[in-house]
Amino acid sequence: MARIDLRSDTVTHPTEAMRRAMAAAEVGDDVFGDDPTINALEARAAELLGKEAGLLVASGTMGNLVSLMAHLPRGSEAIAGASTHTLMDEAGNHAVVVGATIRPLQERPDGTMDPQEVADAWRNPDDLHEPLTGLVVLEQTHAHSGGRALPLDYVRTIGAIAHERGVPLHIDGARLFNATVALGVTPAEMAAPADSVTFCLSKGLAAPVGSVVVGSEAFIGRARRARKLVGGGMRQAGVLAAAGLVALGEGPNGSGGMIERLAEDHANARRLAAGLAGLEGIRSPGGIAQPDELGPRLDPTRIATNFVLFRVDRDRAAFLAALEARGVLLVPYAHGQVRAVTHDGITAHDIDTVIAEVAEVLRERSPSPAGEPATSAA
């Protein structure tokens, strides 16, 4: 049975053009700096985002980690949203490896932090009891708000707050290009307020492995040393970088690659949300993904990029298992939610099939008793 896998945009497969490029890739030893395909990818990424240099890393988590290592002295502190990936989903590496703390600020329903709260979160450098504020981190797009794209003016505002105080801004841009496509801005415009940016090749861009960090030459030099420290030197990884070069295209702003087609994923996510919203048993995701004042039903107008978050008034684990038996894969998410992520290889027909299968599963299963949480909603 064919599967429709919406667990994440990390489940994409490389395109035929990527496979051909990988097979033909010229390689060297990246730790020595002489893999020409990696060098070309890093240069292309830096050019696309308007930075001086780039660094290929194994994953978005490694990209954020080496960025924090390059920016933050041990014992210092970063400011980040309370539900950002850097804080919540990277195994505490900021504490274990970097030796830094993160001061969490609650995000708003659009994924942004209040700029005044960011400014007020600065530590007093004259108080020996407090760590020194050394970095601000933004997540683009912001996952827990439902994949919201942080507006460019907001990114500029946060960058200005950081820079006025002599502190860099890092953007965890795992889905940076989803944001730029949704907002109609260029990658370089979005990256300009930041001192460093990571982005994933292996999510919506459909390359099999890897992320890239970009920034100044001096920052990338520190990040490259940090990558070595955590075991990230990948030798003849040009076979992987070749797929990344295809993903980033050759034209302005990544045209000719995989960036422009992200708009298809966003359209499919809106199609999915619109179909689900009409089904009895589908509820608002709640929290910052959909504030209570927008009602108890899923609001399709909240869909900004390729994420659809919702809850069901059924046992969540049983609901997901029944869908998997029908060949539809979704994933449990925070706050008792279910997450569906659209990506390359998913068609409008697939979306219609998912809606129909969800409707059947809801009909087959009884709602959870009123006032009782689903047993698997933790």
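The residue numbering used here restarts from 1 in each chain and proceeds along that chain's sequence as written. Thresholds applied to this predicted model are a pLDDT of at least 70 for local features of residues and 80 or more for the giving and counting of side-chain atom pairs; totals over whole chains, interfaces and linings are not thresholded and use all residues. The side-chain values count all of the structure's non-hydrogen atoms but skip hydrogen atoms and water molecules.

**Points about the environment of Val212**
Note the cut-off: In DSSP terms, a helix is any run of H or I states spanning at least four residues, a strand is any run of E spanning at least two, and both are numbered starting from the N terminus. Exposure classes here rest on a 1.4 Å probe applied to the protein chains alone. A residue is buried below 20% of its type maximum, exposed above 50%, and partly exposed in between. The contact criterion used throughout is that any non-hydrogen atoms of two residues lie within 4.5 Å.
By secondary structure assignment, the location of Val212 is in strand E8 (residues 211–215). By relative accessible area, Val212 is classed as buried at 0%. The residues touching Val212, leaving out its near neighbours within four places in the chain, are Leu41, Ala45, Gly54, Leu55, Leu56, Val57, Val197, Thr198, Phe199 and Leu201.

**Re the side chain of Thr15**
Residue position: Thr15 is located in the loop between strand E1 (4–5) and helix H1 (16–24). Among the residues examined, Thr15 registers a relative accessible area of 19% and is labelled buried.

**Brief notes about the sheet that holds strand E5 (residues 133–139)**
Heads up, the condition is: Being paired, for any two strands, means DSSP has found at least two bridges between them. Throughout, an axis means a line fitted to C-alpha atoms (over the contacting stretch in the case of helices), and angles, computed between N-to-C directions, take values from 0 to 180 degrees.
Spatial ordering of the open sheet is given by E2-E8-E7-E6-E5-E3-E4, a layout of 7 strands whose pairing is mixed. A strand with exactly one partner marks an edge of an open sheet, and here the two such strands are strand E2 (53–57) and strand E4 (101–105). The sheet shows a mean angle of 20 degrees between the axes of neighbouring strands, taken without regard to direction. Two elements, strand E3 (residues 77–81) and E4, share 5 bridges in a ladder whose sense is parallel. Along E4, the bridge assignment pairs Ile79 with Arg103. Where helix H10 (residues 217–229) meets the sheet, its contacts fall on E2, strand E7 (196–200) and E8, and the angle it forms with E2 comes to roughly 20 degrees.

**Looking at the nonpolar core**
Put simply, the rule reads: Nonpolar core, defined: a set of buried Ala, Val, Leu, Ile, Met, Phe, Trp, Tyr and Cys residues in which side-chain atoms within 4.5 Å join the residues together.
If you look at the biggest cluster of nonpolar residues, it comprises 51 residues, and the most contacted ones within it are Leu49, Phe177, Phe199, Leu201, Leu205 and Leu248. The element that contributes the greatest number of residues to this core is helix H7 (residues 152–164), accounting for 6 residues. In contact with Phe199, not counting residues within four places along its chain, are Ala45, Leu49, Gly173, Ala174, Leu176, Phe177, Ser211, Val212 and Leu248. Counting 30 residues, the second largest nonpolar core, distinct from the first, contains Leu276, Ala277, Val328 and Ala340.

**Things to note about the environment of Gly173**
The residue Gly173 is located in strand E6 (residues 169–173) in this model. Overall, Gly173 belongs to the buried group, its relative accessible area being 0%. C-alpha of Gly173 to C-alpha of Ala149: the two residues are 24 residues apart in sequence and 10 Å apart in space. Beyond its immediate sequence surroundings of up to four residues, Gly173 is in contact with Gln140, Thr198, Phe199 and Cys200.

**A few points about the sheet that holds strand E9 (residues 282–283)**
Pairing within the open sheet is antiparallel, and its 4 strands lie in the order E9-E10-E13-E12. Looking at strand neighbours, the two that pair on one side only are E9 and strand E12 (331–332), the edges of this open sheet. Where E9 and strand E10 (residues 307–312) come together, 2 bridges link them in antiparallel fashion. Within E10, the residue paired with Ile282 across the bridge is Val312.

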